[in-house]
Amino acid sequence: MTLFSVEGKTVVVTGGSRGIGRMIAAGFVDAGATVYISSRKKDELEATAAELGCQAVQADLSTPEGVETLVEAVSAREDRLDVLVNNAGASWGAPLEEYPEHAFDKLWNINVKGVFFLTQRFLPLLRASASADDPARVINIGSIDGIRVSAMEHYAYSAAKAGVHMLTRHLAHRLAPESITVNAIAPGPFESKMMAFVLDDPGTRSLVENSVPLGRIGRPDDMAGAAIFLASRAGSYLTGTVIPVDGGISTQG
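Note on numbering: residues in each chain are counted from 1, in written sequence order. Confidence filtering applies because this is a predicted model: local features only for residues at pLDDT of at least 70, side-chain atom pairs given and counted only at 80 or more, and all residues used for totals across whole chains, interfaces and linings. Excluded from the side-chain calculations are hydrogens and water; all other atoms, namely the structure's heavy atoms, are used.

K.L.:
For this particular structure, what's the right way to read the nonpolar core?
P.N.:
Most often, soluble globular proteins keep nonpolar side chains buried together rather than apart. Counting residues in each nonpolar core, the largest one holds 39 residues, and the members touching the most others are Val 12, Leu 61, Leu 70, Leu 118, Phe 122, Leu 126 and Ile 180. When residues of this core are traced back to their parent elements, those giving at least two are helix H3 (64-75), helix H4 (101-129), strand E5 (136-141), helix H5 (155-175) and strand E6 (180-187). The way it works is that DSSP assigns letters per residue, a run of H or I at least four long becomes a helix, a run of E at least two long becomes a strand, and they are numbered from the N terminus. Looking at this core, the element that brings in the most residues is H4, giving ten residues. Leu 61 has contacts with Thr 14, Ser 38, Gly 66, Val 67, Leu 70, Ala 88, Asn 109, Ile 110, Gly 114 and Leu 118, leaving out every residue within four places of it along the chain. By convention a nonpolar core is built from buried Ala, Val, Leu, Ile, Met, Phe, Trp, Tyr and Cys residues, the set being connected through side-chain atoms within 4.5 Å. Burial classes follow relative accessibility: with a 1.4 Å probe on protein chains only, a residue under 20% of its type's maximum area counts as buried, one over 50% as exposed, and anything between as partly exposed. In terms of nonpolar packing, the next biggest core, distinct from the first, is built from 30 residues, Leu 45, Val 85, Ala 226 and Ile 228 among them. Only heavy atoms matter for contacts: two residues are in contact if any of them lie within 4.5 Å across the pair.

What follows is the structure in structure tokens.
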């Protein structure tokens, strides 16, 4: 079991109060890690932290001030960081002719810039954890919409998530000599606020399920398992990868 153990590791999960971030945070808590979660909404964040048994830090990671708030809060309590999960993000859908410029600005700031600058600012704590036998880990949450063209008109979202995937490879190449691995998970359909408008309706939910080769929506353990694998000794020789956790959707082109 030690091959997949993350017990005793210190983990930060951004956007950890709900959806995919909550799934990942809950998995790490259950596996014996010390977990910090962040999000913008204080009440929801604190409720999730109390339920899971982890630490909460309110921060808007689309701003430099929010990045500093999270880094300073964790640095005040920890002298190392074993795993950084960059999950916080946003989506935006609109018809092509109506798609607004500010959607690109908003999604670029949180989905790409937030990932880069939070990783940059956490480097001292990640370096303090890193060793050749047990690298520090950065796990970025991308999307299958950054791999293949979605049926939905998510222009800025798809472009930003493709950017996350390339940023993952770039950081992986740069940080490998320092024993810090950087990988990405590209989720398919999971229960989340972003997917609620589709999955809450039985008819459209059935259409989504039927479009997945494995025939179902992703479960919390599917997402937590992928993240824990990347953070454990089992995943220590992977860096620069983008792993689709999508039930096979990405095999369809």
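Alright, that's what it looks like, and here's the rest.
K.L.:
Got a minute to help me understand the packing of aromatic side chains in this structure?
P.N.:
The geometry of an aromatic ring pair is captured by the separation of the ring centres together with the interplanar angle, meaning the angle of the planes. Only centres within 6.5 Å qualify two rings of Phe, Tyr or Trp (six-membered ring in Trp) as a pair; their planes then separate them into stacked at under 30 degrees, edge-to-face at over 60, and tilted for everything else. Inspection of every chain in the model, using the stated rule, returns three aromatic pairs. Taken together, a centroid distance of 5.6 Å and an interplanar angle of 70 degrees make the contact between Tyr 99 and Phe 104 edge-to-face. On the basis of relative accessible area, Phe 104 is assigned to the partly exposed category, the value being 41%. With a centroid separation of 4.9 Å and an interplanar angle of 90 degrees, the aromatic rings of Phe 116 and Phe 117 are classed as edge-to-face. Its relative accessible area of 30% is what places Phe 116 among the partly exposed residues. Phe 117 sits in the partly exposed class, given a relative accessible area of 36%. By the ring-pair criterion, three or more aromatic residues cluster together here, those being Tyr 99, Phe 104 and Tyr 155.

K.L.:
Would you take a moment to explain H4 for this structure?
P.N.:
Owing to its 3.6 residues per turn, the α-helix aligns residues three or four sequence positions apart on the same side. The span expected for a helix works out to 1.5 Å for each residue beyond the first. Over its 29 residues, H4 runs 40 Å from end to end, which matches the ideal 42 Å to within 8%, given 1.5 Å per residue. Two axes enter the definition of the bend at a residue: one is fitted to the seven residues ending there, the other to the seven starting there, and the bend is the angle between them. A maximum bend of about 55 degrees is found in H4 at Leu 123, where proline Pro 124 lies one to four positions downstream.

K.L.:
Where do I start with the pattern of salt bridges in this structure?
P.N.:
Oppositely charged side chains can pair when the atoms bearing their charge come close. In what follows, salt bridge is the name for a side-chain nitrogen of Lys or Arg lying within 4 Å of a carboxyl oxygen of Asp or Glu. According to the stated counting rule, one finds ten salt bridges in the structure shown. The shortest N-O distance in the salt bridge between Arg 121 and Glu 68 comes to 2.4 Å. On the criterion of sequence distance, the pair formed by Arg 121 in helix H4 and Glu 68 in helix H3 is long-range, its members being 53 residues apart. Classification of Arg 121 by relative accessible area gives partly exposed; the value is 31%. Overall, the relative accessible area of 25% leaves Glu 68 in the partly exposed class. Residues participating in the shared-partner salt-bridge network are Lys 9, Asp 134 and Arg 137.

Read these as spatial facts, not as claims about activity.
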